[in-house]
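The chain contents come next:
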Amino acid sequence: MYKRQSFAAAFNLADALYKQGDYAGAAEVLGALAERSDLTPGQRAKVFHNLGNDMFAQQKLKEAADFYKQSLRENPADLETKYNLAYVQKLLEELSLIHI
């Protein structure tokens, strides 16, 4: 379904679902977008960034870090994604120290 929608429509739908707290719904739409072959690197970076935010909201920190890394592969200059990745990595490091 989302593969037939324009990028903007699907991306905005995912954003609306995220803002409503429907993280699973947002992840479903973003996941479908991530599989599309017609996206520009900038669009793919936005999709992966938002998937990272979605995983972070669900406290899935490892998954969030992985998506932020994917976003940075598409757009290495994105400072917001760099910040988010650094923040998640710091949280993961702190959690690993707690569990020792």
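Look a little higher up for the structure.
Values in this document were obtained by computation on a predicted structure and should not be read as measured data. (Residues numbered from 1 in each chain as written. Predicted model: local features only at pLDDT ≥ 70, side-chain atom pairs only at ≥ 80, totals over all residues. Heavy atoms only, no water.)

Enquirer: Explain the overall build of the protein chain to me, and be specific about the residues and the numbers.
Expert: Helix and strand counts for the protein chain come out as 5 helices and 0 strands. Along the protein chain, helices and strands appear, N-terminal first, in the series α-α-α-α-α. At 14 Å, the protein chain has a C-alpha radius of gyration in line with the 13 Å of a compact globule built from 100 residues. Here the protein chain holds 100 residues, and the buried ones make up 36% of them. Look at the contacts in the protein chain between residues 6 or more apart in sequence, and 45% of them connect residues 24 or more apart. When the accessible surface of the protein chain is totalled, it reaches about 6,100 Å², and 55% of it is carbon and sulfur. The distance from the centre of the 12 positive side-chain charges to the centre of the 13 negative ones in the protein chain is 4 Å. (Helix = DSSP H or I, 4+ residues; strand = E, 2+ residues; numbered from the N terminus. Rg over C-alpha atoms; globule rule 2.2 N^0.38 Å. Buried < 20%, exposed > 50% of the residue type's maximum accessible area, 1.4 Å probe, protein only. Contact = heavy atoms within 4.5 Å. Areas by Shrake-Rupley, 256 points an atom, 1.4 Å probe, with all protein chains shown as cover. Lys, Arg positive; Asp, Glu negative; His and termini not counted. Charge placed at Lys NZ, Arg CZ, Asp CG, Glu CD.)

Enquirer: Tell me what's going on with the packing of aromatic side chains, and back it up with residues and numbers.
Expert: For any pair of aromatic rings, the description rests on two quantities: the centre-to-centre distance and the angle between the ring planes. The final tally for this structure, using the stated rule, is 5 aromatic pairs. Site record: aromatic cluster; members linked through ring pairs are Phe-56, Tyr-83 and Tyr-87. (Phe/Tyr/Trp six-rings, centres within 6.5 Å; stacked < 30°, edge-to-face > 60°.)

Enquirer: Which residues make up helix α3 (residues 41-57), and what values go with them?
Expert: For α3, with 17 residues, the first-to-last C-alpha span of 24 Å sits near the 24 Å given by 1.5 Å per residue. Every buried residue of α3 is listed here: Ala-45, Val-47, Phe-48, His-49, Asn-50, Leu-51, Gly-52, Asn-53, Asp-54 and Met-55. Looking at the buried residues of α3, the elements they touch are α1 (7-19), α2 (23-34), α4 (61-74) and α5 (79-98). Trailing α3 by a residue or two, Gln-59 shows a phi angle of about 65°, which is positive. (Expected span 1.5 Å × (residues − 1).)

Enquirer: Just give me the short version of the side chain of Ser-71, but keep the residues and values in it.
Expert: Among the structural elements, Ser-71 can be located in helix α4. Every residue in contact with Ser-71, bar those within four places of it in the chain, is listed here: Ala-45, Phe-48, His-49 and Thr-81.

Enquirer: Account for a nonpolar patch on the surface, with residues named and values stated.
Expert: Together, Phe-56, Tyr-83 and Tyr-87 make up an exposed nonpolar region whose accessible area comes to about 330 Å². Within the secondary structure layout, Tyr-83 lies in helix α5. (Patch = residues over 30% accessible without salt bridge, like charges linked within 9 Å, V, L, I, M, F, W, Y side chains within 5 Å. Salt bridge = Lys/Arg side-chain N within 4 Å of Asp/Glu carboxyl O.)

Enquirer: Talk me through the nonpolar core; I want residue IDs and the actual numbers.
Expert: Phe-7, Phe-11, Leu-30, Leu-33, Val-47, Leu-51 and Val-88 are the most contacted members of the largest nonpolar core, which totals 23 residues. Among the secondary structure elements, those contributing two or more residues to this core are α1, α2, α3, α4 and α5. Tallying contributions element by element places α2 first for this core, with 6 residues. In this view, Leu-30 contacts Phe-11, Ala-14, Val-47, Asn-50 and Leu-51; residues no more than four positions away in its chain are not counted. (Core = buried A, V, L, I, M, F, W, Y, C linked by side-chain atoms within 4.5 Å.)

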